[in-house]
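Spelled out, the chains give:
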Amino acid sequence: ESVARIQTVQGSTLAQRLLVEVDGLLAQRPVARKALELLKTWNGLLEAERAGACGYSAWLNCLCDRMVLQLIGEESSRFLLGKASFHPLDQHPSLCSRLFGSVVLACQQRDPLWLRPCQSWEQHLQLAFEAALQRLQRKLGPDPASWRWGRVHRLRLPHALGRLGPLFPSLGPYAVGGDAESPNQTGYASRDGLPADIHIGASWRFLCDTSDFGQSRTAHCPGQSGH
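Calculation notes
Residues numbered from 1 in each chain as written. Predicted model: local features only at pLDDT ≥ 70, side-chain atom pairs only at ≥ 80, totals over all residues. Heavy atoms only, no water. Helix = DSSP H or I, 4+ residues; strand = E, 2+ residues; numbered from the N terminus. Rg over C-alpha atoms; globule rule 2.2 N^0.38 Å. Contact = heavy atoms within 4.5 Å. Areas by Shrake-Rupley, 256 points an atom, 1.4 Å probe, with all protein chains shown as cover. Lys, Arg positive; Asp, Glu negative; His and termini not counted. Charge placed at Lys NZ, Arg CZ, Asp CG, Glu CD. Patch = residues over 30% accessible without salt bridge, like charges linked within 9 Å, V, L, I, M, F, W, Y side chains within 5 Å. Salt bridge = Lys/Arg side-chain N within 4 Å of Asp/Glu carboxyl O. Buried < 20%, exposed > 50% of the residue type's maximum accessible area, 1.4 Å probe, protein only. Axes fitted to C-alpha atoms, helices over the stretch in contact; angles between N-to-C directions. Parallel < 35°, antiparallel > 145°, perpendicular 65-115°, else oblique. Left-handed = near helix turned anticlockwise from the far one by under 90°. Nonpolar A, V, L, I, M, F, W, Y, C, P; charged D, E, K, R; others polar.

Trainee: What am I meant to see in the overall build of the protein here?
Mentor: Looking only at helices and strands, the protein features eight helices and six strands. The secondary structure elements of the protein, listed N-terminal to C-terminal, are α-α-α-α-α-α-α-α-β-β-β-β-β-β. Against the compact-globule benchmark of 17 Å for 227 residues, the protein has a radius of gyration of 19 Å, which places it among compact chains. Summarising its shape, the C-alpha atoms of the protein cover approximately 60 × 45 × 35 Å along the three principal directions. Taking contacts inside the protein between residues at least 6 apart in sequence as the whole, the part at least 24 apart equals 60%. When the accessible surface of the protein is totalled, it reaches about 12700 Å², and 55% of it is carbon and sulfur. For the protein, the distance from the average site of its 24 positive side-chain charges to the average site of its 20 negative ones is 6 Å.

In structure tokens, the structure reads:
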């Protein structure tokens, strides 16, 4: 039972590390003050109905965009940030979510190698916050209280033959919590500078009681061979 609870945890230690930087953010406009208050009072759980989870994820996404673009340039960063794909059938790869840990660690350490002359991590954190606000307002509306993580972080389950027509319908989209860094892993692609549909997750989970194998449990999503 304890292992089952661990596997469904939607919290993120990465979120806790980035939230340390919230107190350094400035909020001059009313919408910014409201969004900042949501971040300060957020419990760190990336539940689908949480506005704070939505604000945090967009802020992290924008910070990653800024730092990777500056570090390796626009052409190389297109593939890592989900703006281009290595495969024609996967238009929005989820590689960006694999970079979040490196960016937050560099921020924590105030690594100067990511910066240009006369820049600071504080400046990038602020600019990323403002960019996240603009993108979320365009996508989800002007009121931060109405933002929901599940409105952008959704799970679709396409059939393997779905491209052949309506005989093979997809399931979803479903509003789902978690992210790439939570035990309930649901890594996502990036689209238009914001988190988008889920691309990475545990398709098979298994709980094994070695003292009584009859009590073992398994879950396979979306099922064997698409059934």
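Trainee: What should I look at first to understand a positive patch on the surface in this one?
Mentor: Among the surface-exposed residues, Lys139, Arg148, Arg151 and Arg191 lie close enough to one another that they form a single positively charged patch. With respect to the element layout, arginine 151 can be found in helix α8 (residues 149–152). With relative accessibility at 41%, the residue arginine 151 sits in the partly exposed group.

Trainee: Whenever I open this one, unusual backbone geometry confuses me. Can you help?
Mentor: Most peptide bonds adopt trans geometry, and most residues besides glycine take a negative phi value. Going from glycine 172 to proline 173, the amide bond is cis rather than trans, its omega being 10°. As for its placement among the helices and strands, proline 173 is situated in strand β2 (residues 171–175). Here arginine 110, not a glycine, exhibits a phi torsion of approximately 50°, which is positive. Tracing the backbone shows arginine 110 in the loop between α6 (100–108) and α7 (121–140). At cysteine 118, a position not held by glycine, the phi torsion is positive, near 70°. Its location among the elements puts cysteine 118 in the loop between α6 and α7. The exposed category is assigned to cysteine 118, whose relative accessible area is 80%.

Trainee: Please explain the packing of helix α4 (residues 51–72) against α7 as it appears in this structure.
Mentor: The axes of two packed helices give the description: the angle between them and the distance between them. Between α4 and α7, the shortest axis-to-axis distance is 8 Å and the interhelical angle comes to 125°. By the angle between their axes, α4 is oblique relative to α7. Crossing handedness for the pair α4 and α7: right-handed. Contacts from Cys54, Gly55, Ala58, Trp59, Cys62, Leu63, Asp65, Arg66, Met67 and Gln70 in α4 reach Trp121, His124, Leu125, Leu127, Ala128, Phe129, Ala131, Ala132, Arg135, Leu136 and Leu140 in α7. Residues belonging to the contact of α4 with α7 are distributed by class as follows: 15 nonpolar, three polar and three charged.

Remember that the coordinates give geometry; whether it matters functionally is a separate question.
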